[in-house]
Structures are given as structure tokens and as C-alpha cells.
Amino acid sequence: MPKEKNETIIELKAVTKRYGFGDAESFALHNFDLTVKRGEFIMIMGPSGCGKTTLLNIIGLLDKPTAGEYFLNGKSVERISSRRKAHFRAKEIGFIFQNFNLIPNLSVIENVSLPLIYSGYHKTRRLKKADDILEHFHLREREYYMPYQLSGGQQQRVAIARSLISNPSIILADEPTGNLDSRSSHIIMEELRDIHAQGNTIIMVTHNPALTTYATRVINMLDGEIDTDIKTVDDSDLPRPGDPEKISVRILSKKRPVELEVDSQTKVVVSGEHVTIENEEENDSKKPKQHKKKSDKKLKKKTKTEKKES
Ligand SMILES: Nc1ncnc2c1ncn2[C@@H]1O[C@H](COP(=O)(O)OP(=O)(O)OP(=O)(O)O)[C@@H](O)[C@H]1O
Ligand SMILES: [Mg+2]
């Protein structure tokens, strides 16, 4: 699959989902148009019953529209064979649900390895891969626990590990933090932020407006239609696979917190009142300059000046 910049991966054209007929007719989605570029992090908001889950189910190929067209990677979904669709669901799409949907009588590691059943890997290989991803999520010591022995936040991290094990490029999350306290929600959101920074596309439903700060685009739905659609990041600035990983650094000071974004090549050292920004690509012998804590923009500007001087 080509992974060019600003590539459109999902396109819905006048998609309608109708339930019932005649007097009982109702629309979960109505003439819904949506274009999603690779690397977007979209948050979908809107009142209960406005069609958010229906939208995710259609995008994730779990449900079919009654009318309209859906193009996935430029190809009409209607023309994709059911075998290919099943392959796509297993390999390219990761689902995260509000109620975690872990299988209660399977251990953590078995739950996580489940999507790989379709991969053709032998069981030993599946468990090894599950073990690796659980290590990343700091859950390795709990891999033989049963789901009921975990906290809600841990269960959701297991569910995220499971949704990522086949390395999907599209993550669909339906209120993934809906059942969690704010600390666990924060951990989950930081995970999603990392996944997004690696160039993956995330479409997430939430009722919590505070979480929209993580998004590059916020869509408000009403009665099966788009009410408002606001992009906070330009398409040309969306992350791409292979980009150096961006890391957000928040420095809390007495006056006001400073937030800056650096890539994985950059070292940020905070010592007392001073912040030092060091680029690992630069010559080791060159001494880094020290700056007083400043706003994000000013810090970035200084780093550029440093580079000029070198
Ligand atoms: N199988 C079904 N049969 C009939 N109506 C349905 C069916 N599934 C969903 N609907 C209706 O479609 C509309 C949209 O439902 P949907 O689950 O997408 O809403 P939602 O925005 O996800 O709501 P919530 O925030 O409560 O999860 C609702 O009015 C719902 O009653
Ligand atoms: Mg829903």
C-alpha cells in the first residue's frame, strides 16, 4: 500500500444508514460525506444516538451503508471481495471499544494474540508477538492473569495491545476512555498519541471535550449528519510513517507551564531554571547552549539559531 503524504485513505460519499421502513423509518447516518487523510487523529463528538458508533462500524467494515459509497484506499468497498474485506479488517484496522471486549475465559496473552489467528502464524509465534507487545505496555508480568484480575485501565491497555498486534494503520476507538478514571484515561490517551505520532490514522468517539486537545480534527455530529468539522492541524503537518517520532515535553514552572514538541533525536535537559536543548545529530564535542525557560516558539527559534552557529 503506498504511503504518500496527505494520501486519502477513507472517503464516504453521501453515506446513509437507514433503519426500518415507512412510519418506523429512521436514519442513523444521513447523506454523510467524509474524507480522511492518512495521519489524521479525528475525534467524533455528538449526543447519544447521533450515529457515531454506526459511522465507526461502517468505516471498520463491520456494517454496510444503506445508500452512498465508501472508498477505502481509493477503492470502492462494494467492489472489494468479502475475503479481501476480512483480510483488511484483520490486518489494517484496529478496534478499541468502550467496554474493552476482552474474552473473559482467556488469559491476557491469549486475548492479545487472538487477532493473529488470521495471520497464519503458528501459536508459539503468536504468543511471542503478544509477549513483546505486552512488554511495551508494561503488562508482561500480568500476561497470565485473567481479565477480571485487572483494573479497568489495565484491561483497556490490554485491549489496545490486542488492537495493535497486527500493526494496523487505522485505529477506530469507540469511547475508549469512557469507563476509566482520569488518570487511566490520560495513560490511554498518551498511548494513542504515540501511535498517531508514528503516522497511523485514528478515529475516536468521545463525549469528553477535554480530550479533543489530542486531535488534529474535531467533528461534531447531530442527527446522523456533520454539524461542525474543524481541523486544528494542517494536512501538510500530519505525521507520516517513518517520520522521526515527535515527543511532547511539558515543563512545569512556577509562572506557567511550557510545552514544546521535539523529535526523538533531541535531548531536553531541565536543570533548575535552565532548559537545555541538545540535538544528538550535532557534534558531541560541541557544548549545548543554555536558555532561560521560554515559550515553545522562542525555544524552537533558539534551537535553529544554535544550528546556524554550528
Ligand atoms: N440495529 C439497529 N436497529 C435500529 N436502530 C438502530 C440500530 N442500531 C442503531 N440504531 C439507531 O441508530 C441511531 C444511531 O445509533 P448509534 O449507536 O450510532 O449512536 P451513537 O451516536 O453511537 O450513540 P451513543 O453515544 O449513545 O453511543 C440511534 O437512534 C439508534 O437507535
Ligand atoms: Mg455509540
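Residues numbered from 1 in each chain as written. Chains lettered and ligands numbered in written order. Predicted model: local features only at pLDDT ≥ 70, side-chain atom pairs only at ≥ 80, totals over all residues. Heavy atoms only, no water.

### Here's the deal with the overall build of the protein chain
For clarity, the cut-off: In DSSP terms, a helix is any run of H or I states spanning at least four residues, a strand is any run of E spanning at least two, and both are numbered starting from the N terminus. In this scheme, a residue with accessible area under 20% of its type's maximum is buried, one over 50% is exposed, and one in between is partly exposed, where area comes from a 1.4 Å probe on protein chains only. Between two residues, a contact is recorded if the distance between any of their heavy atoms is within 4.5 Å. Under the convention used here, a 1.4 Å probe and the Shrake-Rupley method define accessible areas, while residue burial counts only the protein chains that appear.
From N to C terminus, the protein chain includes 7 helices and 15 strands. Looking at the protein chain as a whole, 44% of its 310 residues are labelled buried. Excluding contacts between residues fewer than 6 apart, the proportion of contacts in the protein chain whose partners are at least 24 apart in sequence is 65%. Accessible surface, the protein chain as shown: approximately 17200 Å² in total, 48% of it carbon and sulfur.

### Remarks on the site of ligand 1
Threshold: We call a residue near a molecule or strand as soon as one heavy atom of that residue lies within 4 Å of the molecule or strand. What qualifies as a polar contact is a pair of N or O atoms within 3.5 Å, subject to a donor-acceptor requirement within protein and to the restriction that residues adjacent in sequence count only when both atoms come from side chains. In this count, Pro and Cys sit with the nonpolar residues alongside Ala, Val, Leu, Ile, Met, Phe, Trp and Tyr, while Asp, Glu, Lys and Arg are called charged and the others, Gly among them, polar.
Around ligand 1, the neighbouring residues are Tyr19, Ala28, Pro47, Ser48, Gly49, Cys50, Gly51, Lys52, Thr53, Thr54 and His207. Between ligand 1 and the protein, one listed contact pairs an oxygen atom with a side-chain N or O atom of threonine 54 at 2.5 Å. Contacts to ligand 1 include histidine 207, whose side-chain N or O atom sits 3.5 Å from an oxygen atom. Relative to its unbound accessible surface of 640 Å², ligand 1 loses 56% to contact with the protein. Here the shell around ligand 1 takes 3 residues from helix α1 (residues 52-59), the largest share from any one element. Here the shell around ligand 1 is composed, by residue class, of 4 nonpolar, 6 polar and 1 charged.

### A look at the sheet that holds strand β8 (residues 201-205)
Strand pairing in a sheet takes place through backbone hydrogen bonds and is either antiparallel or parallel in direction. Spelled out, the test is: Any two strands between which DSSP finds at least two bridges are classified as paired. Here an axis means a line fitted to C-alpha atoms, over the contact stretch when the element is a helix, while the angle between two N-to-C directions is reported on a 0 to 180 degree scale.
Pairing in this open sheet of 6 strands is mixed, and the strands run β6-β7-β8-β3-β9-β10 from one edge to the other. Taken across any chain shown, the strands that pair with only one partner, and hence form the sheet edges, are β6 (93-96) and β10 (225-231). The average angle at which neighbouring strand axes cross in this sheet is 15 degrees, direction not considered. Packing of α1 onto the sheet brings it into contact with β3 (41-45), β6, β7 (170-174), β8 and β9 (217-222), and relative to β7 it is tilted by some 155 degrees.

### Focus: the pattern of salt bridges
Any two side chains of opposite charge can pair, so long as their charged atoms come close to each other. The test is simple: Whenever a carboxyl oxygen of Asp or Glu lies within 4 Å of a side-chain nitrogen of Lys or Arg, that contact is scored as a salt bridge.
According to the stated counting rule, one finds 11 salt bridges in the structure shown. Among the ionic pairs, glutamate 135 bridges to arginine 140, the shortest N-O distance being 3.3 Å. For glutamate 135, a relative accessible area of 42% puts it in the partly exposed group. Between glutamate 190 and arginine 193 there is a salt bridge, and its shortest N-O distance comes to 3.5 Å. Of the two residues, glutamate 190 and arginine 193 both sit in helix α6 (residues 182-197), 3 residues apart, roughly one turn of that helix. Assessed through its relative accessible area of 26%, glutamate 190 is described here as partly exposed. Using a relative accessible area of 24% as the deciding quantity, one classes arginine 193 as partly exposed. One continuous salt-bridge network, built from bridges that share partners, spans Glu40, Arg217 and Asp229.

### Description of the sheet that holds strand β5 (residues 75-76)
Strand order in this open sheet of 4 strands is β2-β1-β4-β5, and the pairing throughout is antiparallel. Across the chains shown, the open sheet's two edge strands, defined by having one partner strand only, are β2 (26-37) and β5. Examined bridge by bridge, strand β1 (residues 8-19) and β2 share 8 bridges and lie antiparallel to one another. Following the sheet pairing, threonine 8 is matched in β2 by lysine 37.

The quantities given are spatial measurements derived from coordinates; they are silent on function.
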